[in-house]
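Fold and contact review
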Amino acid sequence: MRSDQKPKGCFITFEGIEGVGKSTQAGLLAEALKQGGVPVCVTREPGGTPAGEAIREILLHRNATPIDDNTELLLIFSARAQNLTQVVRPALAEGRVVVCDRFTDATYAYQAGGRGIPRERIAQLELWVQEGLRPDLTLLLDAPVTISRERAQGRGNAADRFEREHIDFFERVRGEYLRLANQEPARIELVDASADMATIHKLIYARVRRAMQR
Ligand code: TMP
């Protein structure tokens, strides 16, 4: 597809720090849309394709060898390029609603906010890999870091390479997410993740329905 052709579908992304319930909400949304007869495509980043999932393994679990910040950034965009070509763009062209668990806002939040990589470097990769494709709507689930970390740790899984970061890292990630929401209020919907699951789902479903009508 040429980059100047607007795809027919609707591109929805979920964002937030670990433990805010974004994957649960992405699943609930996809299920509700499917029940309503809407064609849906669910994917995630890093991941969503066999190559992307292999890259995810390297990013999340390989702790024996350190990963350079630029290597991390490039791996994330490699997985993204594959997900866009193989999953996201074809689904949008078919008129599907694409529900993606994390996308480029996460790169600004984690790699710029968390790691300190200049935002301009990310913007260059974004332009190259996405060619102007951006989410129609982003749901940013937000909660204080202490609360979300408790929830993430309560899952009982061994911490991955990101989850092992210090609390200050997550404060910077959250700060960058909130800065993005402030900068782009029309695209990024800030959702209070401390409300109960059903209430959040209802709010998100209504917001997505509005976005689909545009
Ligand atoms: P999760 O989505 O299952 O929480 O795990 C994905 C991890 O990858 C999470 O810790 C955030 C990290 N990540 C980045 O650092 N940058 C990105 O651009 C994306 C998509 C994810």
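Shown above is the structure to which this text applies.
Attention here is on the structure that accompanies the text.

**Some points on the overall build of the protein**
Broken down by element type, the protein carries 8 helices and 5 strands. Shown N-terminal to C-terminal, the secondary structure of the protein runs as helices and strands in the order β-α-β-α-α-β-α-α-β-α-α-β-α. In terms of C-alpha radius of gyration, the protein reaches 16 Å, essentially the compact-globule figure of 17 Å for 214 residues. When the backbone C-alpha atoms are referred to their principal axes, the protein occupies close to 45 × 40 × 30 Å. Burial analysis of the protein (214 residues in total) assigns 50% to the buried set.

**Observations regarding the site of the ligand**
The environment of the ligand is made up of 14 residues, and the closest members are Glu-18, Arg-56, Arg-102, Thr-107 and Gln-111. Within the side chain of Arg-80, a nitrogen or oxygen atom sits 3.2 Å from an oxygen atom of the ligand. Contacts to the ligand include Thr-107, whose side-chain N or O atom sits 2.6 Å from an oxygen atom. The protein chains hide 92% of the 480 Å² of surface that the ligand would expose on its own. At the level of elements, α2 (50-61), α3 (69-93) and α4 (104-114) are the ones that each hand at least two residues to the shell around the ligand. Take the shell around the ligand: its biggest share by element is 4 residues, from α4.

**Considering the pairing of strand β4 (residues 137-142)**
Burial analysis of β4 places 6 of its 6 residues in the buried class, which makes it a mostly covered element. Side chains Leu-137, Leu-139 and Leu-141 project from β4 onto one buried face, and the interleaved Thr-138, Leu-140 and Asp-142 project onto a second face that is buried too. Looking at chain direction, strand β1 (residues 10-15) and β4 are connected through 4 bridges and run parallel. What sits directly across from Ile-12, in β4, is Leu-137. Two strands pair when backbone bridges link them, and β4 and strand β5 (residues 188-192) are joined in this way by 5 bridges, in the parallel orientation. Residue pairing for β5: Leu-139 is matched across the bridge by Glu-189.

Reading the values: the criteria
Residues numbered from 1 in each chain as written. Predicted model: local features only at pLDDT ≥ 70, side-chain atom pairs only at ≥ 80, totals over all residues. Heavy atoms only, no water. Helix = DSSP H or I, 4+ residues; strand = E, 2+ residues; numbered from the N terminus. Rg over C-alpha atoms; globule rule 2.2 N^0.38 Å. Buried < 20%, exposed > 50% of the residue type's maximum accessible area, 1.4 Å probe, protein only. Near = heavy atom within 4 Å. Polar contact = N/O pair within 3.5 Å; in protein donor to acceptor, adjacent residues only side chain to side chain. Areas by Shrake-Rupley, 256 points an atom, 1.4 Å probe, with all protein chains shown as cover. Pairing = 2+ DSSP bridges.

Just distances and angles here, no functional claims.
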